[in-house]
Amino acid sequence: MVSPRLVAKVEAEEPALRLAVLIDADNAQAAVIEGLLAEIARFGEATVKRIYGDFTSPNSAQWKKVLNRYAIKPVQQFAYTTGKNATDSTLIIDAMDLLYTRRFDGFCLVSSDSDFTGLALRIREEGLTVLGFGERKTPEAFRNACHKFLFTEVLRPAQPSTCEISSLAEEDAPPASPHPQATDPETRQVFPRAFVLEALEKAGDDTGWAHLGTFGSYLTKLQPDFDSRLYGFKKLSDLVKAKTDIFQFEERASPGSGTKVLYVRAR
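Scoring rules and cut-offs
- Residues numbered from 1 in each chain as written.
- Predicted model: local features only at pLDDT ≥ 70, side-chain atom pairs only at ≥ 80, totals over all residues.
- Heavy atoms only, no water.
- Helix = DSSP H or I, 4+ residues; strand = E, 2+ residues; numbered from the N terminus.
- Polar contact = N/O pair within 3.5 Å; in protein donor to acceptor, adjacent residues only side chain to side chain.
- Contact = heavy atoms within 4.5 Å.
- Buried < 20%, exposed > 50% of the residue type's maximum accessible area, 1.4 Å probe, protein only.
- Pairing = 2+ DSSP bridges.
- Right-handed = clockwise from strand over helix to strand, strands pointing away.

### Things to note about the side chain of T117
Link 1 in the chain: Within the secondary structure layout, T117 lies in helix α5 (residues 117-125).
Link 2 in the chain: Polar contacts involving the side chain of T117 include one to the main-chain carbonyl oxygen of S114, which spans 2.7 Å.
Link 3 in the chain: Discounting residues that sit within four places of it in the chain, T117 has contacts with A141, F142 and A145.

If you want it as structure tokens, here you go:
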């Protein structure tokens, strides 16, 4: 079951969760670190940031350039023998030590390695939130063991093209879309219409209307790695507003405040 605190923070303004961020340098790319930390900030405060690997290895050179900039503590782990990953064991031991301090509301596990499936499940048993971050190749078992799993491909910085840089191209560029979309076509997937409508049905009331937050909660419960950015939209609200062929939506005043909330139902 998705943590209520996680659901509340998905599109909230003020972070609440105290998070421990643990990065497997052997199975994560330094190019995503800025987007990764910005994404984590949406859910809460990264009170601990550690990265594990053999930083004497040429493969870890990319990480050395960003550790100080983002205040990430490196944990050096030499390989005891060829073909065995001592880094995983060190990360897991540290995670359990941090877990038993009872100082954290959740953990962010950054890796594409299925070896952390058991760790994610153990942390969940303690009632803490588990956020996973990894590449598309991440095994389904690890993705589903997390409350929420995000693909790091959508966190990579967009590469500006020559046209975007030139002022002439800016003048000739078409008007911006009212619904911001992901800029990298390679990150997009086929929209799972049947799955989304099933989640909407479960989230809706007797009239079929569902609060956007409740709808998002059911999407995550059914599929932890669901992310609107995989289908070209920065937010779930942007996706709903753009796909008018399958969704109806309306904004309603929130009781006791001057803000409006979005409600959605199937057409």
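There's more to say after this.
### Considerations on unusual backbone geometry
Link 1 in the chain: Unlike most non-glycine residues, A71 shows phi in positive territory, near 55°.
Link 2 in the chain: With respect to the helices, strands and loops of the structure, A71 is situated in the loop between α3 (61-64) and β3 (73-76).
Link 3 in the chain: For A71, a relative accessible area of 56% translates into the label exposed.
Link 4 in the chain: Even without glycine at this site, R102 takes up a positive phi of about 60°.

### Considering the pairing of strand β6 (residues 148-151)
Link 1 in the chain: Residue alternation in β6 divides its side chains into two sets, K148 and L150 and F149 and F151, and both sets are buried.
Link 2 in the chain: Bridge analysis of strand β5 (residues 129-134) against β6 gives four bridges, and the strand direction is parallel. What sits directly across from F133, in β6, is L150.
Link 3 in the chain: One crossover worth recording links β5 to the parallel β6 by way of helix α6 (residues 140-145), and it is right-handed.

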